[in-house]
Amino acid sequence: MEDKAQIQEAIKVQGEVVRKLKSEKANKQQIDEEVAKLLELKAQLGDDGKHQFVLKTAKGTRDYNPKQMAIREKVFNTIIHCFKRHGAETIDTPVFELKETLTGKYGEDSKLIYDLKDQGGELLSLRYDLTVPFARYLAMNKITNIKRYHIAKVYRRDNPAMTRGRYREFYQCDFDIAGQYDAMIPDAECLKIVHEILSELNLGDFCIKVNDRRILDGMFAVCGVPDDKFRTICSTVDKLDKMSWEDVKKEMVNEKGLSEVVADQIGEYVSMQGGMDLAERLLQDQKMSQSKQACAGLSDIRLLFSYLQLFQVTDKVVFDLSLARGLDYYTGIIYEAVLTQAGVDPVSTDTQNGTPGEENVSVGSVAGGGRYDGLVGMFDPKGRKVPCVGVSIGIERIFSIMEQKAEASAEKVRTTEVQVMVASAQKNLLEERLKLVTELWNAGIKAEVMYKKNPKLLSQLQHCEESGIPLVAILGEQELKDGVVKLRVVATREEADISRADLIGEIRRRTRQA
C-alpha cells in the first residue's frame, strides 16, 4: 500500500506541474511531455489490477493532422515536380537493412543507428539515411548510372529535441546522380535543384555554402594535422555553424590534442568565404598550393562556379572553407543550404576575425549533400566504383517553417480538394442527390454529399464554408422537373440554373478559373 501512496503523491505533484505549465501557456510540446509523464504515473496505479493503457506516441515521433498533412503534401509535390523536371526516376528500398550494411559508414554518428532484435539469425537495423541503401542497391544490381530520387522515412536513435525539429523518425528527400561523367556538371545541377526548390517554396532568403573534402584534407595537411586526426578534426570544424571559433579551437586543442599553432593556422583558412575569386586566390596561396589534393579541389570549385553562372544561381552560392559536413563517405564537393534571417546579406565577405560569417545569422540547414565516389565500391565484391553526387532536402525543417507561416498568415488551409457539394433544398431527395454525386464522381469531379436523408440546406451550406468547398449543386422538386441544377458559388452566393447536360462542363470551367 505504501507504493500506492507514493505514486498518488507523485501524481499530485506532477498534476501541479501540468497545471502550472498550462496557466503559463507554455509551448505545446512541453505540456504534452509532462502530461505523458502524468498518464504514466496514473497507469502505474491501475484500476483494480487492470492495466491502464497510456495514450501517447513513442518518444521522438509525432502524428500529423489533416491541416499539417495538407501543407506537407504541397511541399512534397513541389519537390517531386522539381526532381521530375530534371529527369529523375524513383526507387524504394526496405525500411531496415542488414546491420553490417550500415556499420562504419557514418563516422561518429554511427552510435545513433537504431538496432532491431535478432530476427532468426539476421542482425538488422533501421535505415539511418537513404544514401547508404542507395549505394547498396547500385552495387547489388550492378547499376553504373542512374538519376534517381527517393522520399521515405529514416530513423535515428537521437535524443529528440522536437521543438527544434529533431525527431527519431523523419522523412528525407534525396536526389542523386550516379555515373561516370565530366567533372562538376552533375554537381552543378544538384545545386541548381536546391536553388529551384528553396525559391519555389518561398521560405525566405537562403544561402548555399560550398566546399570540397579534398580542400579540407589538403588544408589539414599543410597546417600540420596528423593523418589519423583528419576525420575527427573535420567533425569539430563541422560545428562552426553552431559554435564560436573559440569553442571549436578549445575542442581541437583540449579534447583532440592538436597544438595551438596548428589550430590557429586552420582558423585563418576556415574564416574565408567568397566565390570563384577565392578559389583563384587559394590556388596561388603559398601553403595551399603545396597540396596536390587541395589544388584538385580548388580547380573543381573554380569549374563549378563557371557552370553555376550558366545556371544563373551564383547569387546564392558561397565558397565557404568552414563547411565540413561530418559524414565519413564524402570524397569531393560538399554543400549545405541554410536559411538566413530576413534582411541579412547571406554572402558575407571574407572575415578576418576568425569567426566565419558572424553577420550571416543562419536559421538552420535545410538541404545538404556532396560527392561520394567510394561508397558503392565498399559494397561491390570487386570494389568497382560508381561515382555519385547527391543532395538531401531537409523536409522536416522546411515543413515546420511552412506550418509557422500558415499559422501566422491566418490563411485557411484546405484539407480536402472537394470542388462541389451536392445538396438538396427539400426533403426526400436522397436518391436524387446520390444519383447526381455518382454522375460527378464518374466524370472525375471531386464531390461530396451529406450522409443524412434530409439535411437542412443551411447546414449543407455551412459545411461548404467550413471546408472551403467553392461550389454547391442544389437539387429541388422544381429543378428536377426543369432538368436543371442550381449551381451556387459559396463565396459570392450568386446562383445560376444550369442544365443537367452542361453541369459537368460548367463545374470544370469554374473550378479551373478558381
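Residues numbered from 1 in each chain as written. Predicted model: local features only at pLDDT ≥ 70, side-chain atom pairs only at ≥ 80, totals over all residues. Heavy atoms only, no water.

Asker: Help me understand the overall build of the protein, please; the structure alone is not making it clear to me.
Answerer: Along the protein, the regular secondary structure elements total 18 helices and 16 strands. Here the protein, with 514 residues, has 48% of them falling under the buried criterion. Contacts in the protein between residues at least 24 apart in sequence constitute 68% of all its contacts with a sequence separation of at least 6. Total accessible area on the protein is roughly 26600 Å²; 50% of this is exposed by carbon and sulfur atoms. (Helix = DSSP H or I, 4+ residues; strand = E, 2+ residues; numbered from the N terminus. Buried < 20%, exposed > 50% of the residue type's maximum accessible area, 1.4 Å probe, protein only. Contact = heavy atoms within 4.5 Å. Areas by Shrake-Rupley, 256 points an atom, 1.4 Å probe, with all protein chains shown as cover.)

Asker: What am I meant to see in the packing of helix 9 (residues 245-255) against helix 10 (residues 260-270) here?
Answerer: Angle between the axes and distance between the axes: these two values describe a pair of packed helices. In contact at an axis separation of 10 Å, helix 9 and helix 10 are set at 145 degrees when each is read in the N-to-C sense. The chirality of how helix 9 crosses helix 10 is right-handed. Two secondary-structure elements touch here, helix 9 through W245, K249, M252 and V253 and helix 10 through E260, A263, D264, I266, G267 and V270. Residue composition of the contact of helix 9 with helix 10, grouped by class: 6 nonpolar, 1 polar and 3 charged. (Axes fitted to C-alpha atoms, helices over the stretch in contact; angles between N-to-C directions. Left-handed = near helix turned anticlockwise from the far one by under 90°. Nonpolar A, V, L, I, M, F, W, Y, C, P; charged D, E, K, R; others polar.)

Asker: I keep staring at unusual backbone geometry and nothing clicks. Help me out?
Answerer: Excluding glycine, most residues fall at negative phi; most peptide bonds, likewise, are trans. With a phi angle near 70 degrees, M184 is a residue other than glycine that sits in the positive phi range. Note that M184 resides in the loop between strand 5 (169-178) and helix 6 (185-201). Overall, the relative accessible area of 3% leaves M184 in the buried class.

Asker: Help me understand the environment of R281, please; the structure alone is not making it clear to me.
Answerer: Within the secondary structure layout, R281 lies in helix 11 (residues 276-284). For the pair formed by R281 and Y149, sequence separation is 132 residues and the distance between their alpha carbons is 36 Å.

Asker: I would appreciate a short explanation of the domain arrangement of the protein in the present structure.
Answerer: Often the size quoted for an interface is simply the accessible area lost on bringing the parts together. The domain architecture assigned to the protein consists of domain 1 (2-46), domain 2 (66-408) and domain 3 (420-510). Put simply, the middle of domain 1 and the middle of domain 2, counted by C-alpha atoms, are 41 Å apart. (Domains from an automatic or database assignment.)

Asker: Mind showing me how you'd approach the packing of aromatic side chains here?
Answerer: When we look at a pair of aromatic rings, we describe it by the centre distance and by the angle of the planes. On inspection of all chains with the given rule, the structure shows 7 aromatic pairs. Ring geometry for Y329 versus Y372: centroids 5.7 Å apart, planes at 55 degrees, classification tilted. Pair noted here: Y329 is in the loop between strand 8 (317-320) and strand 9 (333-340) and Y372 is in the loop between strand 10 (362-371) and helix 13 (375-379), with a separation of 43 residues, a long-range link. The class for Y372 is buried, based on a relative accessible area of 2%. (Phe/Tyr/Trp six-rings, centres within 6.5 Å; stacked < 30°, edge-to-face > 60°.)

Asker: Explanation requested: the sheet that holds strand 16 (residues 495-499) in the structure shown.
Answerer: Whenever strands of a sheet pair, they do so through backbone hydrogen bonds, lying parallel or antiparallel. Spatially, 13-12-14-15-16 is the arrangement adopted by the 5 strands of the open sheet, whose pairing is mixed. A single partner strand is all that each edge strand has here, and the edge strands are strand 13 (447-449) and strand 16. Each adjacent strand pair in this sheet contributes to an overall mean axis angle of 30 degrees, direction not counted. The sheet contact formed by strand 15 (residues 484-489) and strand 16 spans 5 bridges and is antiparallel. (Pairing = 2+ DSSP bridges.)

Asker: I would appreciate a short explanation of the layout of surface pockets in the present structure.
Answerer: If you roll a probe as big as a water molecule over the atoms, it shows you where there is empty space left. Roughly 630 Å³ of volume is contained in the second largest pocket. If you go around the second largest pocket, you meet 19 residues; those closest to its centre are A70, I71, K74, E411 and V413. Mapped by element, the contributors of at least two residues to the lining of the second largest pocket are helix 3 (66-85), helix 6 and helix 14 (395-409). With 5 residues, the single largest contributor to the lining of the second largest pocket is helix 3. In the lining of the second largest pocket, the residues fall into 6 nonpolar, 5 polar and 8 charged. (1 Å grid on protein atoms, 1.4 Å probe; cavity = no way out; pocket = protein on both sides within 12 Å on 5 of 7 lines; lining within 4 Å. Points joined across faces, edges and corners; volume = space filled by probe spheres on them.)

Asker: Please clarify how the side chain of E189 should be interpreted in this entry.
Answerer: Structurally, the position occupied by E189 is in helix 6. Side chain to side chain, E189 and H86 meet in a polar contact 2.7 Å long. Those residues in contact with E189 that lie beyond four places of it in its chain are H86, K147, I177 and F311. (Polar contact = N/O pair within 3.5 Å; in protein donor to acceptor, adjacent residues only side chain to side chain.)

Asker: Where do I start with the environment of K56 in this structure?
Answerer: For K56, the location among the structural elements is in the loop between helix 2 (28-45) and helix 3. As for K56 and D300, which are separated by 244 residues in sequence, their C-alpha atoms are 51 Å apart. The contact partners of K56, leaving out residues within four places of it in the chain, are A36 and E40.

Asker: Would you mind showing me how to read the side chain of R488 here?
Answerer: Structurally, R488 can be placed in strand 15. Taking relative accessible area as the criterion, R488 reaches 17% and is therefore assigned buried. Among the polar contacts made by the side chain of R488, one reaches the side chain of E495 at a distance of 3.0 Å. Residues contacting R488, with those up to four places away along its chain left out, are L461, P470, L471, V472, I474, R493, E494 and E495.

Asker: What's the story with the nonpolar core in this structure? I'm lost.
Answerer: Grouped burial of nonpolar side chains is what soluble globular proteins tend to show. Among the nonpolar cores identified, the biggest contains 101 residues, and F83, M219, F220, I266, F319 and L321 are the most heavily contacted of them. Broken down by element, this core gets its largest block of residues, 8 residues, from helix 6. The contact partners of F83, leaving out residues within four places of it in the chain, are A88, Y149, C173, D174, F175, I193, I197 and I393. L436, V449, A473 and L503 belong to the second-largest nonpolar core, a separate cluster that totals 17 residues. (Core = buried A, V, L, I, M, F, W, Y, C linked by side-chain atoms within 4.5 Å.)

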